[in-house]
Amino acid sequence: MRNEILEKSKTDKKIIGIRLYGEEEDFWLGYIEDYNDKIIQLRFFDILGFEDGLVIEQQENIDSIDFDSEYEKTYEYLINKRNDINKIEEIVDFKNSDDWKIKYLTDFKNKG
């Protein structure tokens, strides 16, 4: 099962979450660039959806792989839309608007 998930992530650049043994809070989100029976090579992303580096980890250190949950799907959407997000030209006036969140999201939706 693990190799199927790794292969799907590599082939389709599908976002997965990697948790290591002993790391309950920390994990990496990204897609597999390459792997073999001993190691994985993961391209990971920061909280804003931008590439943040490359991790090479031994497979024996991996506790679990999260795949296709709502969290990974949401993150994948963010990564795929990050260029659109950067193109938003209007600056929201936070100080003079009580409904800035709704306005911002509506404008973003209409531009996409």
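Quantities reported herein were computed from a predicted structural model and do not represent experimental measurements.

Calculation notes
Residues numbered from 1 in each chain as written. Predicted model: local features only at pLDDT ≥ 70, side-chain atom pairs only at ≥ 80, totals over all residues. Heavy atoms only, no water. Salt bridge = Lys/Arg side-chain N within 4 Å of Asp/Glu carboxyl O. Helix = DSSP H or I, 4+ residues; strand = E, 2+ residues; numbered from the N terminus. Buried < 20%, exposed > 50% of the residue type's maximum accessible area, 1.4 Å probe, protein only. Phe/Tyr/Trp six-rings, centres within 6.5 Å; stacked < 30°, edge-to-face > 60°. Core = buried A, V, L, I, M, F, W, Y, C linked by side-chain atoms within 4.5 Å. Contact = heavy atoms within 4.5 Å.

So, the pattern of salt bridges
And then number 1: Applying the stated criterion to the full structure yields 8 salt bridges.
And then number 2: The partner of D34 in a salt bridge is K10, and the shortest N-O contact between them spans 3.1 Å. One end of the pair, D34, is in strand β2 (residues 28–35); the other, K10, is in helix α1 (residues 2–12), with 24 residues separating them in the sequence.
And then number 3: Residue classification places D34 among the partly exposed positions, given a relative accessible area of 37%.
And then number 4: Taking the relative accessible area as the measure of exposure, K10 reaches 33% and is therefore partly exposed.
And then number 5: Of the charged contacts in the structure, one is a salt bridge between R43 and E33, with a shortest N-O distance of 3.0 Å. In this pair, R43 sits in strand β3 (residues 39–45) while E33 sits in strand β2, placing the two residues 10 residues apart along the sequence.
And then number 6: Owing to a relative accessible area of 27%, E33 belongs among the partly exposed residues under this scheme.
And then number 7: One network of salt bridges, with partners in common, ties together K14, D68 and E76.

Remarks on the packing of aromatic side chains
And then number 1: All chains considered together, the criterion is met by 3 aromatic pairs.
And then number 2: Ring centres of F27 and Y71 lie 5.9 Å apart, and the angle between their planes is 70 degrees; this geometry places the pair in the edge-to-face category. Separated by 44 residues along the polypeptide, F27 in the loop between β1 (16–20) and β2 and Y71 in helix α2 (residues 70–86) bring together distant segments of the chain.
And then number 3: Three or more aromatic residues joined by ring pairs make a cluster, and in this case those are F27, Y71 and Y75.

Examining the nonpolar core
One recurring pattern in soluble globular proteins is that nonpolar side chains are buried together.
And then number 1: Grouped together as the largest cluster of nonpolar side chains are 12 residues: I5, L6, I16, I18, L20, I32, I40, L42, F44, V55, I62 and I65.
And then number 2: Breaking this core down by element, the ones donating at least two residues are α1, β1, β3 and β5 (62–67).
And then number 3: When residues no more than four places from it in sequence are discounted, the contact partners of I62 are R2, I18, R19, L20, Y21 and I40.
And then number 4: If you look at the next biggest cluster of nonpolar residues, it comprises 6 residues, including I15, L29, Y31 and I79.

A word on the environment of G17
And then number 1: Along the chain, G17 turns up in strand β1.
And then number 2: For the pair G17 and G30, spaced 13 residues apart in sequence, the C-alpha to C-alpha distance is 6.7 Å.
And then number 3: For G17, the contacting residues outside a window of four places in its chain are F27, W28, L29, S64, I65, D66 and E72.

Distances and angles like these do not, on their own, reveal function.
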